[in-house]
Amino acid sequence: MAKLELKNLNKTYNPKVIPVKDISLTVDDNEFLTLLGPSGCGKSTTLRMIAGLEEPTEGRILLGSEDITSKRPGDRNMAMVFQSYALYPHMTVFENLASGLKLKKTPRSEIQQRVTEVSQLLGLEELLQRKPGQLSGGQRQRVAVGRALVRRAQAYLLDEPLSNLDALLRERVRADIKQIFSTQKAPVVYVTHDQTEAMTLSTKVAVLNNGYVQQLDPPERIYNHPANLFVAGFVGSPQMNLLTLPCQERYAILGNFRINLPNIPTVPPQIVLGIRPENVRIARSEDTQTIQGRVYLVENLGMHNLVSVRIASSQTESPTVRALLPTDQNWSDAEITLALPPQNIHWFDVQSGDALRS
Ligand code: ADP
Ligand code: MG
């Protein structure tokens, strides 16, 4: 099996819209790469270029050591799963699974064997004689994945394959997909705007915004060390607190409180402090960096309460901080002291949005 490489890939439709700008990345044959980003950021365009359905304006695509940039889609030996499933309504599940192999004039016995194998893997054995109209959404999605798997492709491309499923089913099929593709030795590129899918499925995530790769890293690193404000704000739910604060000497000023700045060569007039709600907690006696304020909103999330706190401030506008707190207390209107553990604080440059590393 072979790795997939994108080299300085660009796509321009007209001078105004440039959906993909200079994307370079490598997906090894044991990797599951997710392109994650908001709607319109260029995910599908990138995937369609890999599949050969769109021609890059610039750049190259390599599979193994072969340059496939100008190969026709049918000659690329890649399998693609679309959001819309793209099943043939008049064919049975068996025929849907087999159709790609038939086109390639694969011997009947081999078709039979591969379809059996894949339908066992996906739990479709009982459904082989049904037509797509007689299947649930989750079953249809599994057939769509099955159509890709029977191909035994050199790379698998999936474009938002779960977005037509309801939440519960999405979780189940997500787990299925993770299991199925962990046994395939071929690069997988998966497109989604859903950060949970990206975090749970991937070995590597490319966060895209405006056609640019913002960060390319394993999911843990994307979460714990976001490279810039966009990634920090896009990944994580509830969203990271991001506060633009004035600086004085070696401190950032948060309401009436001072937060130690990281070790940076020059102290800027302003800085962005980021901290995830799950890292903000009720202060203990040993905490050195604490802030006080009054709760003005409590949202019950089941496992936790998401508590919004107006921080005490002598200025007219008080900053607000959100914290995930235990549900065994009534936080409404409470005056509370919160700790901001220094190791959980992320600092960003106000101008560039880039993370500041001390
Ligand atoms: P995503 O999949 O991330 O939602 P797309 O890759 O589909 O985004 O689209 C990225 C941008 O390119 C969007 O602004 C979209 O309107 C534009 N775009 C996509 N296809 C075309 C096309 N055929 N012609 C012109 N603009 C397009
Ligand atoms: Mg898309």
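Residues numbered from 1 in each chain as written. Chains lettered and ligands numbered in written order. Predicted model: local features only at pLDDT ≥ 70, side-chain atom pairs only at ≥ 80, totals over all residues. Heavy atoms only, no water.

Under an unreviewed UniProt entry, the protein has the name ABC transporter ATP-binding protein and belongs to Hassallia byssoidea VB512170.

### Some words on the site of ligand 1
Lining the immediate surroundings of ligand 1 are Y13, V17, P19, P38, S39, G40, C41, G42, K43, S44 and T45. Here an oxygen atom of ligand 1 sits 2.8 Å away from a polar atom, N or O, in the side chain of S44. Between ligand 1 and T45, the relevant distance is 2.5 Å, taken from an oxygen atom to a side-chain nitrogen or oxygen of the residue. For ligand 1, whose unbound accessible area comes to 560 Å², protein coverage reaches 59%. Its residues placed into classes, the shell around ligand 1 shows five nonpolar, five polar and one charged. (Near = heavy atom within 4 Å. Polar contact = N/O pair within 3.5 Å; in protein donor to acceptor, adjacent residues only side chain to side chain. Areas by Shrake-Rupley, 256 points an atom, 1.4 Å probe, with all protein chains shown as cover. Nonpolar A, V, L, I, M, F, W, Y, C, P; charged D, E, K, R; others polar.)

### Quick word on the domain arrangement of the protein
Here the domain parsing of the protein yields domain 1 (4–234) and domain 2 (241–348). The gap between the C-alpha centroids of domain 1 and domain 2 is 40 Å. The interface of domain 1 with domain 2 comprises seven residues on the first partner and six residues on the second. Around 600 Å² of area is buried between domain 1 and domain 2 when both sides are counted, 63% of it from carbon and sulfur atoms. For domain 1, the biggest contributors to the area lost against domain 2 are Y223, L229 and A232; these three give 71% of the whole. Connecting domain 1 to domain 2 are zero salt bridges. In this assembly, domain 1 and domain 2 are joined by two residue pairs in polar contact (both at pLDDT 80 or more). Going through the elements one at a time, helix 7 (219–224) and helix 8 (229–234) are the ones with two or more residues in the side of domain 1 that touches domain 2. (Domains from an automatic or database assignment. Contact = heavy atoms within 4.5 Å. Buried area = accessible area lost by both parts, 1.4 Å probe. Salt bridge = Lys/Arg side-chain N within 4 Å of Asp/Glu carboxyl O. Helix = DSSP H or I, 4+ residues; strand = E, 2+ residues; numbered from the N terminus.)

### Focus: the pairing of strand 16 (residues 290–300)
Summarising the sheet, strand 16 and strand 19 (residues 335–339) pair through five bridges and their orientation is antiparallel. For R294, the partnering residue across the bridge sits in strand 19 and is E335. Of the pairings in the sheet, the one linking strand 16 to strand 17 (residues 305–311) comprises seven bridges and is antiparallel in character. Paired with N300 across the bridge in strand 17 is N305. The turn linking strand 16 back onto strand 17 is made up of four residues, and G302 within it adopts a positive phi angle of 95°. (Pairing = 2+ DSSP bridges.)

### Considering the environment of R147
Relative to the elements of secondary structure, R147 occurs in helix 4 (residues 137–150). Here R147 falls in the partly exposed class, since its relative accessible area comes to 21%. Expressed as a C-alpha distance, the spacing of R147 and A79, which sit 68 residues apart in the sequence, is 8.2 Å. Leaving out residues up to four positions away in the same chain, R147 has contacts with A86, L87, Y88, N96, L97 and S99. (Buried < 20%, exposed > 50% of the residue type's maximum accessible area, 1.4 Å probe, protein only.)

### Looking at helix 3 (residues 108–122)
Helix length check: helix 3, at 15 residues, gives a terminal C-alpha distance of 21 Å against a target of 21 Å (1.5 Å per residue), a fit within 8%. Taken together, the buried positions of helix 3 are occupied by I111, R114, V115, V118, S119 and L122. Taken down its axis, helix 3 places every buried residue within 125° of arc, on the same side. Among the structural elements, helix 2 (93–103), helix 4 and helix 5 (167–182) are those in contact with the buried residues of helix 3. (Expected span 1.5 Å × (residues − 1). Arc of directions from axis to C-beta.)

### Some thoughts on the sheet that holds strand 20 (residues 346–348)
What the five strands build is an open sheet, ordered 13-12-11-14-20; its pairing is antiparallel. Each end of this open sheet is capped by a strand with a single partner; those strands are strand 13 (257–260) and strand 20. Shown here is a sheet whose adjacent strand axes are inclined to one another by a mean of 40°, direction ignored. Strand direction decides the pairing type here: strand 11 (residues 241–248) and strand 12 (residues 251–254), joined by two bridges, are antiparallel. Paired with Q248 across the bridge in strand 12 is Y251. (Axes fitted to C-alpha atoms, helices over the stretch in contact; angles between N-to-C directions.)

### Section: helix 5
Compared with the 22 Å implied by 1.5 Å per residue over 16 residues, the 23 Å span of helix 5 between its first and last C-alpha is a close match. Listed as buried for helix 5 are L169, V173, R174, I177, I180 and F181. Down the axis, helix 5 shows its buried residues gathered within 140° of arc, on one side only. The exposed set on the far side of helix 5, more than 90 degrees from its buried face, consists of L168, R172, Q179 and S182. Looking at the buried residues of helix 5, the elements they touch are strand 3 (32–36), helix 3, helix 4, strand 7 (155–159), strand 8 (188–192) and helix 6 (195–201).

### Digging into the packing of helix 4 against helix 5
Helix 5 packs onto helix 4 with a crossing angle of 20° between their chain directions and a minimal axis gap of 10 Å. By the angle class used here, helix 4 and helix 5 are roughly parallel. For the pair helix 4 and helix 5, the crossing hand works out as right-handed. Here G137, G138, Q141, R142, V145 and L149 of helix 4 lie close against helix 5, whose contacting residues are L169, V173, D176, I177, I180 and F181. For the contact of helix 4 with helix 5, the residue count by class is seven nonpolar, three polar and two charged. (Parallel < 35°, antiparallel > 145°, perpendicular 65-115°, else oblique. Left-handed = near helix turned anticlockwise from the far one by under 90°.)

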